[in-house]
Amino acid sequence: MKLTKFTHSCVRLEKDNRVIVLDPGTFSETKEALAGAHAILVTHEHGDHVDVPAVVNALRGSEDLAVFAPAGVATHLREDAPQQAARIHTVEPGSTFEAAGFDIRSFGGQHALIHPHVPIVANIGYLVDGNVYHPGDSFIVPDGLNVKTLLVPLHAPWSKVSEVVDFVIAVRAPQAFQIHDGLLNDMGVKIAESHVARLGHKYGTEYTHLAAGESVEI
């Protein structure tokens with residue numbers, strides 16, 4: 001499987017001429033990421049994880065494209081794209097389904113706490129083909145399985161470095177790459193990654209930085 005990272009939390013996965021895109025948000029190169037996509041997985045409703053106009057345009061432009069998202073996101077998309085509503089699917093945590101030839105398992109249920117005054121929204125983490133785990137805005141650890149490739153939310157208003165490191169240690173995937181890094185400058189990325197790489201290595205995780213647009217075979 002080929003993994004391509006885009007700015008912030010958007011990731012594109014390709015295998016057997018099939019394409020699935022996770023969290024094509026407003027910080028990301030959505031047009032490039034969604035080109036030729038067969039399925040989109042959305043973790044939650046925040047704009048940095050779902051660019052609604054871009055997703056609607058992609059749905060209108062391809063009869064083969066399906067979207068999978070928490071209930072609030074799915075409802076919003078159906079309202080904006082009523083003719084494509086049959087291809088917009090609601091996902092609950094703890095479910096399994098197939099999307100564009102990829103096997104998907106869902107985890108979690110809610111966004112990490114930002115502040116008690118900030119409402120908590122639904123958040124779904126996705127495991128793709130028993131390999132790649134995208135947690136969205138959460139540190140939910142998948143239960144009952146071994147993750148092969150972990151996507152690590154490197155920095156967010158809801159996290160601190162110690163929590164990021166503890167998440168990596170808890171999952172203990174053999175390899176990890178960063179997501180949710182769009183709020184940091186280059187110096188901040190290097191500092192956060194140095195902790196994740198050094199401490200993750202002690203527990204068997206090899207962390208690798210991916211530039212926006214960079215691809216890797218996993």
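Quick caveat: nothing in here was measured; it's all calculated off a predicted structure. (Residues numbered from 1 in each chain as written. Predicted model: local features only at pLDDT ≥ 70, side-chain atom pairs only at ≥ 80, totals over all residues. Heavy atoms only, no water.)

Chemist: Honestly, the sheet that holds strand β7 (residues 96-99) in this entry has me stumped. Any pointers?
Modeler: Backbone hydrogen bonds hold the strands of a sheet together, and the pairing may be parallel or antiparallel. An order of β7-β8-β9-β10-β11-β12-β13 is seen for the seven strands of this open sheet, with the pairing classed as mixed. The strands lining the two open edges of the sheet, one partner per strand, are β7 and β13 (206-208). Direction aside, the axes of adjacent strands within the sheet are offset by 30° on average. Summarising the sheet, strand β12 (residues 175-179) and β13 pair through three bridges and their orientation is parallel. Bridging from a neighbouring strand, Phe 177 pairs with Thr 208 of β13. Seen against the sheet, helix α4 (residues 161-171) touches β10 (132-134) and β11 (149-153) and runs at an angle of roughly 165° to β11. (Pairing = 2+ DSSP bridges. Helix = DSSP H or I, 4+ residues; strand = E, 2+ residues; numbered from the N terminus. Axes fitted to C-alpha atoms, helices over the stretch in contact; angles between N-to-C directions. Contact = heavy atoms within 4.5 Å.)

Chemist: Help me out: how do you make sense of the packing of aromatic side chains in this one?
Modeler: The description of an aromatic ring pair rests on the distance of the ring centres and on the angle between the ring planes. By the definition in use, this model includes four aromatic pairs. Taken together, the aromatic side chains of Phe 139, Trp 158 and Phe 167 make up a single cluster linked through ring pairs. The ring of Phe 102 carries Lys 15 above its face, with NZ or CZ at 5.1 Å from the centroid. (Phe/Tyr/Trp six-rings, centres within 6.5 Å; stacked < 30°, edge-to-face > 60°. Lys NZ or Arg CZ within 6 Å of the ring centre and 35° of its normal.)

Chemist: Sorry if this is basic, but what is going on with helix α5 (residues 186-202) here?
Modeler: An α-helical segment advances 3.6 residues per turn. Residues three or four places apart therefore align on the same side. For α5, which comprises 17 residues, the first-to-last C-alpha distance of 25 Å matches the rise-based estimate of 24 Å (1.5 Å per residue) to within 8%. Along α5, the residues that are buried comprise Gly 188, Val 189, Ala 192, Glu 193, Val 196 and Gly 200. Each element contacted by the buried residues of α5 is listed here: α4, β12 and β13. Regarding α5, its N-cap is Asn 185, as a side-chain oxygen of that residue lies 3.2 Å from the backbone nitrogen of Met 187 further along. Gly 204 lies just past α5 and shows a positive phi near 95°. (Expected span 1.5 Å × (residues − 1). Buried < 20%, exposed > 50% of the residue type's maximum accessible area, 1.4 Å probe, protein only. Polar contact = N/O pair within 3.5 Å; in protein donor to acceptor, adjacent residues only side chain to side chain.)

Keep in mind that these numbers describe shape and distance, not what the molecule does.
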